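One-letter residues, chain by chain:
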Amino acid sequence: MFDPETKKAIALRLVEVFSDRRLSVLAAFALLTGSTLAQIPEMSDANWMTYNRTLQGDRYSPLKEITTANVKSLKPVATFDSGERVNFETGPIVMDGTMYFTTYQTTYAVDAVTGQPKWRRSHPDSTPGLSNNRGPAYADGLVLRGFNDGHFIAMKATDGSVLWDTVLSDPAKGESLPMAPIAWRGKVFVGNAGSEYFGVTGRIYALDTRTGQQIWVFHTVPDSGPARATWTNKSDANPPSGGGLWTTFSLDPVNGVLYVPTGNPGPDFALALHPGESLYTNSMLALDARSGALLGYVQPIKHDFHDWDMSAAPVIIQTRGGRKLAVAGAKDGLVYGIDRTRLGGAVGKGLGQQATNNKFGLVGEGALPILYQTAATRRLNVNIPLSDRHFTRFAPGQIGGMMWNGPAYDPELNLIYTPMVDWATSVKLAPTSKLRPTQLWLGTHDGNFGQQDPKSQWGGYLTALDADSGEIRWQVRTPTPLISGVTTTGGGLVFCGDLNGDFSAYDGRTGERLWRHHLGEPMGAGVVSYEAGGRQYIAVAAGLESPNWPLTPGTARIVIYRLP
C-alpha cells in the first residue's frame, strides 16, 4: 500500500508521537505489522545503507554482538586490496551482504564477509585534482555516484552495468562531483564542488533515480534577490564564488527536509573581496526535499577568511531531553547544536530582519537558532586579521577542524562523538591591488593554501559531547589528525582510525581505548558496522594518498573484522 520510505516515515512519526506521550517506542511500532517493517530495508540493523548509515546521518549501528567486554577479541578476518594508490576517502555502504565502495575512477562490489570481489566498473577520468571520491548511494537496486569529470551515473547493483549517465558539472571551470550522494523516495541528491575556483558556485541537484532527469536545482549563491545582495563587493573581476558541496547530506525522512552543509566564499582568504555575509556560503541549509524550496538556514561562520567550510553533514536527532536538533561540526573546530523546530515559522522572514533573540545574533530569512556551540579542538588567533606583510598563524588551520566525516550520535548514551584535526596553518595574503583572477582563487601571496605546521606538531581529538547541552563529557587527544569516520554501536563502542594506521575502539561512556589494531595504512575514510549470517562485522577503508597530508600510503583496501 505504501512505498518503503513512506512506511518508514509513518513508523518514525508514530515513535515521535508516542514518545512525546511517554509511551514506549515498542507500542508505536506495534501499530505497524511485522511484515510491513520487514519490507523497509532502511529499518534493518543489518545494513549500512548510506554514507552515514541512516538518512539522518547518525553513524549509529544498533548491533550488540561486539561489546566493551569482548572487543579485545576482535580480529581481522578478510581484506580486499584494490591495488590502487589513491586518495581513498570512500564511505562504504552494505546492503544484504554486499559492500559497495568507490575510488576516484572505479566502483567496487565485494562480499561483505569474505572480501571476495563481485564486480568492478571503471570510468576513465583524467581530470586534474585530488583524485578522490567519498562514496556511492544505493536506491532501488541501483548504485549511484559522481566523478570529477562531471558525470553522474547509475549502475545496477547486481553487475555494475550503467543504466544512465548525466553530466552535472564542468571540470574546465574547476567543478567536480566528489561528494557521496544520498537517495530518498525516487530522488538522488548531489551537488558540485569547486569553492576554490574563480567564479564557481555550488548547485544542489535532485535527480530521478530511474532516469537521471533533473527534478529541481538549488543555487547556493542565488543569481538574484536578497541573498545575492549580501555579496557587497562583486564585479566582473570578482564574481561571487564558493558555496561548493563536497561531502554528503542528511535528510529528515519524516518531514522531508534535506540538510546541506555548504563551502566557503572565494577568494578563500581575502576577506576584503567578500566582506558581506556572502549567502549561502558557510551555511547549513534546510531544503524541502520534494521541491528544493528553502525552508530555513543558518550561517554559523560569518565573514570567513580561513577557508572554514561547514564541511560535514549534520546528524538529525531528537535528544533524550526532547530537543530536535541538527548537530553539525565545521572546519572552525566548533560543534553546533542547531534548533530545527522553527523551520515552519522561519519561512518568509525578510532578509536582514531580526529573526531571533538568540545570543549568537543570527539574522536573516529563515534563520535557525544555534542553541549551543562547543570547541572540540584547539582554536588559536581565530579573530586576528590576515596580512599581506607577514604570515599569520591560526588554528584550526585551513585543513580543519572537522573535515568530511561528521558527528556520530549514540541514542542510548545521548552522546555526540566528533573527530577533529589539530594542525595550524600560516597564511600571507597577496596585496588586494595586485590580486588578479586565476582559476585557483585563494587570495594568497603565492596562490597556495598557506604553510602547515611541521608534521611533528599535528594531532587530533575525539570528543564526546552531551547532545542536549553541548557540554564535553570526555575528550581524547590523538597523535594524528582524525579524519576517518567515527562509528558508534549498540555495544557501547566508538570506532575510528588515525593517520598512523591505528584502528581503535573506545568505550563510548568514558573514552578509554579498549582495543587497537595497527593496520599500517592511514585512514581517512569510512568505518561501518553490519550483520551477515547472524554475525556482526566491522569494516574500515584504509589507504590515503593526498598532497594535503604528509603520509606514506599503501594501496586502498577494505579490512573486515569479526569476533572469533
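Residues numbered from 1 in each chain as written. Predicted model: local features only at pLDDT ≥ 70, side-chain atom pairs only at ≥ 80, totals over all residues. Heavy atoms only, no water.

(A) Structural context of the sheet that holds strand β25 (residues 334-339). The sheet built from four strands is open, its strands ordered β23-β24-β25-β26 with antiparallel pairing. At either margin of the open sheet sits one strand with a lone partner, and together these are β23 (315-318) and β26 (370-375). For this sheet, the mean inter-axis angle between neighbouring strands, taken without regard to orientation, is 20°. Of the strand pairs in this sheet, strand β24 (residues 324-329) and β25 are connected by five bridges, and their pairing is antiparallel. Note that in β25 the partner of L325 across the bridge is D339. (Pairing = 2+ DSSP bridges. Helix = DSSP H or I, 4+ residues; strand = E, 2+ residues; numbered from the N terminus. Axes fitted to C-alpha atoms, helices over the stretch in contact; angles between N-to-C directions.)

(B) Highlighting the environment of L429. Tracing the sequence through the fold places L429 in the loop between β30 (425-427) and β31 (451-452). A C-alpha to C-alpha distance of 8.1 Å links L429 and H390, two positions 39 residues apart in sequence. Setting aside residues no more than four positions away along its own chain, L429 makes contact with F269, A270, L386, S387, D388, G443, T444 and H445. (Contact = heavy atoms within 4.5 Å.)

(C) Highlighting the nonpolar core. Ranked by size, the top nonpolar core spans 36 residues in total, and within it F189, I204 and L258 carry the most contacts. The dominant element in this core, judged by the number of residues it contributes, is strand β15 (residues 203-208), at four residues. Setting aside anything within four residues of it in sequence, one finds L258 in contact with I182, F189, I204, W216, F249, S250, L251, L285, A286, L287 and A289. Core analysis: the next-biggest nonpolar cluster, separate from the first, contains 26 residues, M310, L334, L368 and L386 among them. (Core = buried A, V, L, I, M, F, W, Y, C linked by side-chain atoms within 4.5 Å. Buried < 20%, exposed > 50% of the residue type's maximum accessible area, 1.4 Å probe, protein only.)

(D) Spotlight on the pattern of salt bridges. Considering all chains together, one arrives at 16 salt bridges under this definition. Of the charged contacts in the structure, one is a salt bridge between R557 and D81, with a shortest N-O distance of 3.1 Å. In this pair, R557 is assigned in strand β40 (residues 557-562) and D81 in strand β2 (residues 75-81), connecting sequence segments 476 residues apart. Since its relative accessible area comes to 22%, R557 is described here as partly exposed. On the basis of relative accessible area, D81 is assigned to the partly exposed category, the value being 37%. Of the charged contacts in the structure, one is a salt bridge between D208 and R210, with a shortest N-O distance of 3.0 Å. Residues participating in the shared-partner salt-bridge network are D81, E521 and R557. (Salt bridge = Lys/Arg side-chain N within 4 Å of Asp/Glu carboxyl O.)

(E) Representation of the packing of aromatic side chains. A full pass over the atoms with the stated rule returns 22 aromatic pairs. For the ring pair F503 and W515, a centre distance of 5.6 Å and an interplane angle of 85° mean the geometry is edge-to-face. Of this pair, F503 sits in strand β36 (residues 502-507) while W515 sits in strand β37 (residues 513-518), and the two are twelve residues apart along the sequence. The residues F503 and W515 share a single accessibility class, namely buried. Their ring planes at 90° and their centres at 5.4 Å tell us that W515 and Y561 sit as a pair that is edge-to-face. Highlighted residues: W515 in strand β37 and Y561 in strand β40, separated in sequence by 46 residues. Exposure class is identical for W515 and Y561. Each is buried. Three or more aromatic residues joined by ring pairs form one cluster here, namely F80, F88, F101 and Y108. Across the ring face of F147, the terminal group of R145 is positioned such that the distance to the ring centre comes to 3.8 Å. (Phe/Tyr/Trp six-rings, centres within 6.5 Å; stacked < 30°, edge-to-face > 60°. Lys NZ or Arg CZ within 6 Å of the ring centre and 35° of its normal.)

(F) Quick look at the environment of S131. The residue S131 is located in the loop between β7 (117-122) and β8 (132-133) in this model. Separated by 16 residues in sequence, S131 and F147 place their C-alpha atoms 9.4 Å apart. Once residues lying within four places of it in the same chain are set aside, the contact partners of S131 are V86, N87, Y104 and N148.

(G) Examining the sheet that holds strand β16 (residues 214-219) more closely. Spatially, four strands are ordered β13-β14-β15-β16 in an open sheet, and the strand pairing comes out antiparallel. Sheet topology places β13 (182-184) and β16 at the edges, where each strand pairs with a single neighbour. The sheet shows a mean angle of 20° between the axes of neighbouring strands, direction not considered. In terms of strand pairing, strand β14 (residues 187-191) meets β15 through five bridges, oriented antiparallel. Each bridged residue has a counterpart across the sheet, and for V188 the counterpart in β15 is L207.

(H) Here's a closer look at the pairing of β23. Summarising the sheet, β23 and β24 pair through four bridges and their orientation is antiparallel. Bridged to I316 within β24 is A326.

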